[in-house]
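Structure assessment
The primary structure of each chain is shown beneath.
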Amino acid sequence: MGIVISIANQKGGVGKTTTAINLASSLSYVDKRVLLIDLDYQANATTCLGINRGSFEYSVFDCLANDVAIEKAILHTDSPLIDVLPARTMVEGIEEKIITNTNRDFILHTKLKDIKDHFDYVLIDCPPSLGFVTINAMVASDGIIIPVQCEFLAMDGLTQLLNIIRMVQGKKKVNMETLTVFGVLLTMLDTRSNAGYQVINEVKTYFGEKVFQTIIPRNVSCSNATFYGVPVTEFSPKSKSSLSYRQLAKEVIMRHDET
Ligand SMILES: Nc1ncnc2c1ncn2[C@@H]1O[C@H](COP(=O)(O)OP(=O)(O)OP(=O)(O)O)[C@@H](O)[C@H]1O
Ligand SMILES: [Mg+2]
């Protein structure tokens, strides 16, 4: 059965998209079929999977706002095991369009139902906000991965994020469904400074076992890969960040198998 995992944190630049594309790539290396849903108007994940923004007809936002079937919008990527539901930049007015839909928080959930079992993992790259789009992602998900950057004020905003998760858990309970914090991922650790290790302690004290053992180091290959628009697992397979993402994929599979 396919599992749907949102990668969410309303804080910008914490490594959501980097995690989404590299986890997708690393899962595909161990023969898992992955659908990556790019729910961010910036469309970074779409680009990083080699999809030219002008090359497709429908984006995920057409599925949410214009009732386009999800199958019509899914694209194959260079990797035979990874499909993508792409985003498009500059979509205006989607929230106004959908605000009148009484079932608006469940649109993605309903649309994913029929196709999620075609995949082992459906990963959703969320935008840096807690608006309607992120709530749709959470309602459609079984679990959430929260990337937390190992930097000053890392925990800022997490209470608000956890409150939204609790609110969505309540919505899903009505349908006898659950939403878990699948894991908290520490990202961009600068191993040369003490500050990062303080954040690790703080986050582990708060989230305990939920924190993945894998910690993603800050690594120049990772930012270079973003610059060239490819996953670091392909750009520099032997780099520290690439190896950590492959380790993370193993941990994700283990956690999923345990549930
Ligand atoms: N481990 C890492 N080492 C070095 N740079 C990194 C690492 N992870 C991410 N980055 C860089 O940090 C920046 C932000 O990462 P990313 O886009 O993944 O964050 P995000 O949470 O998706 O941001 P947004 O909130 O804008 O969607 C990018 O330029 C990316 O290349
Ligand atoms: Mg992003």
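In short, a report on the structure. Along each chain, numbering runs from 1 in the same order as the chain's sequence is written. Labels follow written order: the first chain is A, the first ligand is 1, and so on. Per-residue local features of the predicted model are confined to residues with pLDDT of at least 70, and side-chain atom pairs are confined, for both listing and counting, to 80 or more; whole-chain, interface and lining totals are unaffected and use all residues. For the side-chain quantities, the full set of heavy atoms in the structure was used; hydrogens and water were omitted.

A look at the site of ligand 1
Only a single heavy atom is needed: when it lies within 4 Å of a molecule or strand, its residue is near that molecule or strand. In the region of ligand 1, 19 residues are neighbours, and K16, T17, T18, P217 and T226 sit closest. Polar contact is the term for a pair of N or O atoms within 3.5 Å; when the atoms are in protein, one must be able to donate a hydrogen and the other to accept it, and sequence-neighboring residues count only if both atoms are side-chain atoms. Contacts to ligand 1 include N219, whose backbone N or O atom sits 2.9 Å from a nitrogen atom. Per-residue and other accessible areas follow the Shrake-Rupley method at a 1.4 Å probe size, with only the shown protein chains counted as cover for residues. In isolation ligand 1 offers 630 Å² of accessible surface; the protein chains occlude 83% of this area. For helices the rule is a DSSP run of H or I covering at least 4 residues; for strands it is a run of E covering at least 2, with both sets numbered from the N terminus onward. Looking at the shell around ligand 1, the elements with two or more residues in it are α1 (16-29), β8 (211-217) and α10 (220-228).

Here's the deal with the state of the cysteines
Whenever a pair of cysteine sulfur atoms sits within 2.5 Å, that pair is classed as a disulfide. Here the structure, examined in full by the defined rule, presents 0 disulfides. Left without a disulfide partner, C150 is nearest to the cysteine sulfur of C222, which lies 13 Å away. Classification of C150 by relative accessible area gives buried; the value is 5%. Here the term buried applies to any residue with accessible area under 20% of the maximum for its type, exposed to any over 50%, and partly exposed to those in between, with areas from a 1.4 Å probe on protein chains only. According to the relative accessible area criterion, C222 is buried, its value standing at 13%.

Remarks on the side chain of D62
Looking at where D62 falls in the secondary structure, it is placed in helix α3 (residues 60-65). In summary, the charge assignment counts Lys and Arg as positive and Asp and Glu as negative, without counting His or the chain termini. For this document, the term salt bridge refers to a Lys or Arg side-chain nitrogen within 4 Å of an Asp or Glu carboxyl oxygen. At 4.2 Å, R88 is the nearest oppositely charged side chain to D62, a buried residue that forms no salt bridge. Here, two residues are considered to be in contact whenever any of their heavy atoms come within 4.5 Å of each other. Residues within four places of D62 in sequence aside, it is in contact with E57, D67, V68 and R88.

Examining helix α8 (residues 158-173)
Helix span, as expected, comes to 1.5 Å for every residue beyond the first. The end-to-end C-alpha separation of α8 is 22 Å, in line with the 22 Å expected for 16 residues at 1.5 Å each. On its buried face, α8 sits against α6 (107-113), α7 (132-140), β6 (143-149), β7 (180-189) and α9 (194-207).

A short note on the nonpolar core
L39 and L112 are the most contacted members of the largest nonpolar core, which totals 55 residues. Considering each element in turn, this core owes the most residues, 7 residues, to α7. Of all hydrophobic cores here, the second largest spans 29 residues; its members include I3, F182, L185 and Y245. Within this scheme, the nonpolar core is defined by two criteria: the residues are buried Ala, Val, Leu, Ile, Met, Phe, Trp, Tyr or Cys, and they are joined through side-chain atoms within 4.5 Å.

A word on the sheet that holds β6
Strand pairing follows a simple DSSP-based rule, namely that at least 2 bridges must link the two strands. Across the sheet, 8 strands lie side by side as β3-β4-β2-β5-β1-β6-β7-β8; this open sheet has mixed pairing. Strands with a single pairing partner mark the edges of an open sheet, and in this sheet they are β3 (75-76) and β8. With 4 bridges connecting them, strand β2 (residues 34-38) and strand β4 (residues 82-85) associate as parallel partners. Looking at β4, one finds that I37 is bridged to L85. To obtain an axis, a line is fitted to C-alpha atoms, over the contacting stretch when the element is a helix, and the angle between two such axes runs from 0 to 180 degrees between their N-to-C directions. Each of β6 and β7 touches α8; the most contacted strand, β6, lies at about 175° to it.

Some thoughts on the packing of aromatic side chains
Side-chain rings of Phe, Tyr and Trp (the six-membered ring for Trp) are treated as a pair once their centres are within 6.5 Å; stacked means planes under 30 degrees apart, edge-to-face means over 60, and tilted covers the remaining angles. Applying the stated rule across the entire model yields 5 aromatic pairs. With 5.2 Å between their ring centres and 90° between their planes, F227 and Y228 make a pair best called edge-to-face. No difference in accessibility class separates F227 from Y228, as the two residues are exposed. Following the ring pairs from residue to residue traces out a cluster consisting of F227, Y228 and F235.

Digging into the pattern of salt bridges
Taken as a whole, this structure holds 8 salt bridges when the rule is applied. Across the pair E151 and R218 runs a salt bridge whose closest N-O atoms are separated by 3.7 Å. Linking E151 in the loop between β6 and α8 with R218 in the loop between β8 and α10, this pair joins segments that are 67 residues apart in sequence. Two residues, E177 and K172, come together in a salt bridge whose shortest N-O distance is 3.4 Å.

A look at helix α12 (residues 240-258)
The terminal C-alpha atoms of α12, which comprises 19 residues, lie 27 Å apart, in line with the 27 Å expected from a rise of 1.5 Å per residue. Of all the residues in α12, the buried ones are S241, S242, S244, Y245, L248, A249, E251, V252, I253, R255 and H256.

Notes on the environment of F212
Considering the arrangement of structural elements, one finds F212 in strand β8. Not counting chain neighbours up to four residues away, the residues in contact with F212 comprise I145, F182, G183, V184, L185, L248, E251, V252 and R255.

A word on the environment of T178
When you line up the elements, T178 lands in the loop between α8 and β7. Looking at T178, the relative accessible area reads 58%, which means it is exposed. Residues T178 and Q213, spaced 35 residues apart in sequence, show a C-alpha to C-alpha distance of 24 Å.

A look at the packing of α7 against α8
Helix packing geometry: the angle between the two helix axes and the distance between the axes. Between α7 and α8, the shortest axis-to-axis distance is 9 Å and the interhelical angle comes to 50°. Classified by the angle between their axes, α7 and α8 sit oblique to one another. The handedness of the crossing between α7 and α8 comes out as right-handed. The segment α7 lies against α8, with I135, M138, V139 and A140 engaging L161, I164, I165, M167, V168, K171 and K172. When an angle is under 35 degrees it counts as roughly parallel; over 145 it counts as roughly antiparallel; between 65 and 115 it counts as roughly perpendicular; any other value is oblique. Should the near helix be turned anticlockwise from the far one by less than a right angle, the crossing is left-handed, and should it be turned clockwise, the crossing is right-handed.

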